[in-house]
Amino acid sequence: MMSGNSSSSNYIKIQKNLLGNRKWLVILAFLTFILYNGVFLALALSTYDAKPVMTAKDLLSYIGFDRIITIVGAILLGLESFHWLDSRTKLDFYWSQPVSKRSLFVSTVINSMGIYTASYLLSLLIGFVIAGIGGGMNGSVLLLAFIGFIRNFFLFLSVYFYAVLAVMLTGNIIVAVIADAVLLTFGPIFDWSINHCMGFLKTRAYGSAFTTHGILSPLYTVTDSMRTNGAILRNLFCALLSLVLSYLLYKHRKAEDAGNSVPLPVVRRITKVILIFLCCILSTAFCSDSSTITAATGAVIAVMIISAVVVGGIMETIYNSDVRAAFRGYGYSIAGCAAALILFLGCYYDIAGYNRWVPAAQDVKSAYITPEEVNDSYRSSYSKKYMKLTDIDTLNSLLTIGEQTITRDPYAKGIRLNISYRMKNGHTRTRRVIIPGSAFSSMNSVFKSQSFKEGFFTVYHDSHFTSQKDFGITYYYMDKNAEENRTKTVTGSNIDIYKKIREAYIKDLDSYDIDTAAFETQAGKIEIMTLENGVEKERTFLPVYKSFTNTINALKSEDMYADVTPLSDYYDSDSMPFYLGQRSSFLGHENDK
Amino acid sequence: MIETVRLSKTFGANKALNDISLQINEGEITGLVGTNGAGKSTLLRIIAGILRPDSGQVSVDGKAVYDNPEAKRDFFFVPDEPYFFTNANGLSMAAYYESIYPTFDMDRFRKLSEAFSLPVKSRISTYSKGMKRQLSILLAVSSGTKYIMLDETFDGLDPVMRTAVKSLFAEEMSERGLTPFISSHSLRELEDICDHVGLLHKGGLLLSESLDDMKTGLLKLQCVFSDEGDISTVKENLHIMADERQGMLHVMTVKADRAKALEVFSHIDTVFFEILPLSLEELFIAETEDNGYDVRKLIIQ
């Protein structure tokens, strides 16, 4: 072993050499980030005219180019880091030198992280200086920028190590690029494919749809990496997993693997089966996008088989770098295709009896329902925690109505509900039902019940919000052209305003029922957003109907209400029926009673 | 000393090396000869710690080589296709190696490149193949390592350059005990440079001997007998490995020392008798013929 000094000096030399050979990447990283942070962001900070908190949040969190730059940069650095492993000449050069494989690996990884971090932070600093000169800087911007950097850094790590893993799994840089694309998109495609197949179950539960939760895909976290801390953990998990795998593969990699597209036979086989499985499932999408699916089952199977043959052929061609090898390893093609067929037919014919399941009332402790259209993650978790419906017979009757509706018409219109049963054995089972307009009255007893209201409207259990000393209240309304607008946002310590609105809202909820929910035009919505150190923590919405006079008066007293009725011709509220009402043409009822 | 013990290496169905045991002694120039595919590059890449053998051991001065920087600091490997960084010039490559090899001598490199008239400030991509090889050799020599391994590096150097490199090696050997290990597909390329030669064929080592030892026991004789019957006397007293006749002239390769041959021929009446030096080629032919190999087809081009 070398002495400490000699070791650190050796390490510095390696870093210097690496940087010397990666000049183009260093320059590219600095230029890109300086363009983004130093010019674009600085100008935006200097000119954006809105509330300070929202300015920082909007600009640093929602613009999103930093994530794109991070991903592209991570892929480039990852592929470049060990691209020399695919060339015998380069491999002879590096592995004959007195540098251990471990040192080379660690140094290259640290070098890549250094290029990203230095270019990001330096450009950010330049951006802040420029923004400071333009008067667009404040403390919350700095904090958010730092949080943004941390999240981006973890995103970088996960994407970078996926690219490194792709290089380690292959012996050819072009195949490595393909492998990286597969590794990065595998998670979302896998989930989408499985759920697409489960779509044939018709009444499958939205809430219990299959998901890997981004555990195996850093790209999952891109969409919300600025919003949830879980993204950091998921990216960290992805990064660590791919780092360990990459290092093990590198350590045990043979020099003779250079040039071999996919050196490890086990990787070839597993990849082939999985990709054929996915492609077969994906191919069903081409045949199932309409109600003709029933008649097209044979076509779906044929398309699956064709997909298996084509994809298997392409993979063998890549594996062997020889088009004549296209039909080798057909056993794995059959395995992948068979797995996809089993899943498709199993779902299509509902072999497990998923659609027909109705629980016995005595086996159910309680239940909760979440309207599928209400796209509010906080409300979903709120309902899961606080809604405890015990009228199981009514819910079961809704389940039966839903099943009958779907059987008649798989694409029937109506309110889509997820009914989740908390079973006495500790399990939770969820089913999706579509309740047509003609059957809305069957839902009334549920919507009128106090247990539904307490589990649906977040004003009943609001310590989550009121425990925060800083939160914002905003009233949104639809203008005459049905475009969303807002009156004003109240921020800071305004618990009294909130309590006033809350009290009025609970009074109005006394008369809330299915008619209000489904047929009354929504006047607007109240957004409640909690803040912690200037950063948004949680937000929820409360629908305000015209009949909610107490709430409207409370809003008026705070100068937060706008009395505008959108023209019904512009009204298209399929996405939020509980907030904005239903179009008469959609449900066969008159809008706005 | 570099030592390999029972090295074997297989690539798929192809047995590249089979049970190779070899010693490369310090202070000698060792050559390794073999046709394309004989396993020379594989053996060198294993010794350089690039490939891991399926079985057997390699050591450099008693230290295992694979993934061992301490052992690798003692040698410099010049592959058959040397790699240089994109856009690099001779000086930047030297600076790179200076950071990798603690014993690298930049002054020596500058002097040598000047002596060899190598344009080290020009981009290597503009170099000819021969210039790239020269640069590799100069970098290797300047690295100051104890051993230099050259994979077919001499093949393709022009005669003037070969002579210059030989002189350079001789100088380095005498000054600091450099030990070069050279592989070639042609015996003639190594003829005037090696002290010890190994012959590799289809992954096996046919022979590995010191040239002095080989020469000591083998003689090349030319003679014209007064009485052709005297050949039987020679056959009785000397081991004749080859006897080619050109008219009355016998050209014989015999396994015997010089004194013994002179003693035998002193009792025979000859019109003409002469003892000639054996070329490396002839030595190899003589040594391998007994094993049923026609070495001329294997390594002489």
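A.B. asks: Would you mind going over the sheet that holds strand E6 (residues 75-78) of chain B in detail, with residue names and values included?
C.D. replies: Residues and elements named next belong to chain B. The strand order across the open sheet built from six strands is E6-E7-E8-E3-E9-E10, with neighbouring strands paired in mixed fashion. Of all the strands in the sheet, the pair left with one neighbour each is E6 and strand E10 (204-210). With direction set aside, neighbouring strand axes in the sheet form an average angle of 15°. With five bridges connecting them, strand E7 (residues 147-151) and strand E8 (residues 179-184) associate as parallel partners.

A.B. asks: Describe the interface of chain A and chain B, and please don't skip the residues or the numbers.
C.D. replies: On the side of chain B, 20 residues touch chain A, which itself brings 19 residues to the contact. Where the side of chain A that touches chain B is concerned, the elements lending two or more residues are helix H1 (4-21) and helix H5 (88-95) of chain A. Residue contributions to the side of chain A that touches chain B peak at six residues, all from H5 of chain A. Considered class by class, the residues forming the side of chain A that touches chain B number six nonpolar, six polar and seven charged.

A.B. asks: With reference to specific residues and values, describe the packing of helix H10 (residues 265-284) of chain A against helix H11 (residues 297-320) of chain A.
C.D. replies: All names here are of chain A. Two elements in contact, H10 and H11, have axes whose closest approach is 8 Å; the angle formed by their N-to-C orientations is 145°. The crossing of H10 and H11 is right-handed. In this structure, H10 contributes Arg268, Lys272, Leu275, Ile276, Cys279, Cys280, Ser283 and Thr284 to the contact, and H11 contributes Val300, Val303, Met304, Ser307, Ala308, Val311, Gly312, Met315 and Tyr319. Here the residues of the contact of H10 with H11 sort into 11 nonpolar, four polar and two charged.

A.B. asks: Describe the packing of helix H8 (residues 173-198) of chain A against H10 of chain A, and please don't skip the residues or the numbers.
C.D. replies: Residue and element names in this part refer to chain A. Their axes nearest at 9 Å, the elements H8 and H10 cross at an angle of 50°. Classified by the angle between their axes, H8 and H10 sit oblique to one another. When you trace H8 past H10, the crossing you get is left-handed. On H10, the residues touching Ile189, Phe190, Ser193, His196 and Cys197 of H8 are Leu278, Ile281, Leu282 and Thr284. Considering only residue class, the contact of H8 with H10 consists of six nonpolar, three polar and no charged.

A.B. asks: Give a detailed account of the sheet that holds strand E12 (residues 239-246) of chain B, specifying residues and quantitative values.
C.D. replies: Residues and elements named next belong to chain B. Taking strand neighbours across the sheet as the criterion, the four strands line up as E12-E13-E11-E14 in an open arrangement whose pairing is antiparallel. Across the chains shown, the open sheet's two edge strands, defined by having one partner strand only, are E12 and strand E14 (270-276). Taken over all neighbouring pairs, the strand axes of this sheet differ in orientation by 20° on average, direction set aside. Two strands pair when backbone bridges link them, and E12 and strand E13 (residues 249-255) are joined in this way by seven bridges, in the antiparallel orientation. Looking across to E13, one finds that Arg245 is bridged to His250. Against the sheet, helix H10 (residues 258-265) engages strand E11 (218-225), E13 and E14, with an angle of about 180° to E14.

What counts as what
Residues numbered from 1 in each chain as written. Chains lettered and ligands numbered in written order. Predicted model: local features only at pLDDT ≥ 70, side-chain atom pairs only at ≥ 80, totals over all residues. Pairing = 2+ DSSP bridges. Helix = DSSP H or I, 4+ residues; strand = E, 2+ residues; numbered from the N terminus. Axes fitted to C-alpha atoms, helices over the stretch in contact; angles between N-to-C directions. Contact = placed C-beta atoms within 7 Å. Nonpolar A, V, L, I, M, F, W, Y, C, P; charged D, E, K, R; others polar. Left-handed = near helix turned anticlockwise from the far one by under 90°. Parallel < 35°, antiparallel > 145°, perpendicular 65-115°, else oblique.

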